[in-house]
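# Descriptive structure summary
The chain contents come next:
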Amino acid sequence: MPTIVVDVMPKAELLDPQGKAVAGALSRLGETRFSDVRIGKRFELTVEGEVDEATLARARELADEMLSNAVIEDVVNIEVVQ
């Protein structure tokens, strides 16, 4: 069955406290190759049948209306995986 994957991230201009905590932990562990961490959400919507344009459009609507908070988050990617 195909799956629609929706990735949601905090808006770039907002602080990401979870990401800052992970970045701090990496630094304390001596990891210097990564300067910043941002933590988001990934939703996997399993589709019954084929994914047509109407199904993908509805997934986009749901991503904007229900899966993300437009005040503090951006939907950064929606893709179909098999």
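Below, the structure is looked at part by part. (Residues numbered from 1 in each chain as written. Predicted model: local features only at pLDDT ≥ 70, side-chain atom pairs only at ≥ 80, totals over all residues. Heavy atoms only, no water.)

### What to know about the sheet that holds strand 3 (residues 73-81)
The following threshold applies: Any two strands between which DSSP finds at least two bridges are classified as paired. In DSSP terms, a helix is any run of H or I states spanning at least four residues, a strand is any run of E spanning at least two, and both are numbered starting from the N terminus. For every element, the axis is a line fit to its C-alpha atoms; helices are fit only across the contacting stretch, and the angle between N-to-C directions ranges from 0 to 180 degrees.
Pairing within the open sheet is antiparallel, and its 3 strands lie in the order 2-1-3. The two strands at the open ends of the sheet, each matched to only one other strand, are strand 2 (41-46) and strand 3. The mean inter-strand angle of the sheet, taken between neighbouring strand axes irrespective of direction, is 20 degrees. Pairing of strand 1 (residues 3-10) with strand 3, which is carried by 8 bridges, proceeds in the antiparallel orientation. Pairing of T3 across the sheet is with V81, part of strand 3.

### Some points on the pattern of salt bridges
Let me state the cut-off plainly: Think of a salt bridge as a Lys or Arg side-chain nitrogen and an Asp or Glu carboxyl oxygen that are within 4 Å of each other.
Taken as a whole and judged by the stated rule, the model has 5 salt bridges. In this structure, the salt-bridge partner of R42 is E44, at a minimum N-O distance of 2.9 Å. R58 serves as the salt-bridge partner of E61, at 2.9 Å between the closest nitrogen and oxygen. Note that E61 and R58 are positioned in helix 2 (residues 53-67) at a spacing of 3 residues, about one turn of the helix.

### Quick notes on a nonpolar patch on the surface
Short version of the rule: Here the term patch refers to residues with relative accessible area over 30% and no salt bridge, with like charges joined within 9 Å and nonpolar side chains (Val, Leu, Ile, Met, Phe, Trp, Tyr) within 5 Å. Each accessible area is a Shrake-Rupley result for a 1.4 Å probe, and residues are judged covered by the shown protein chains and nothing else. Burial classes: relative accessible area under 20% of the type maximum marks a residue as buried, over 50% as exposed, and values in between as partly exposed (1.4 Å probe, protein chains only).
On the surface, a cluster of nonpolar side chains totalling about 260 Å² of accessible area is made up of L14, V71 and I72. With respect to the element layout, L14 can be found in the loop between strand 1 and helix 1 (17-28). For L14, a relative accessible area of 33% puts it in the partly exposed group.

### Here we look at the side chain of T3
The criterion, for reference: Throughout, a contact is declared for two residues whenever any of their heavy atoms are within 4.5 Å.
Structurally, T3 can be placed in strand 1. Not counting chain neighbours up to four residues away, the residues in contact with T3 comprise E44, L45, T46, E79, V80 and V81.

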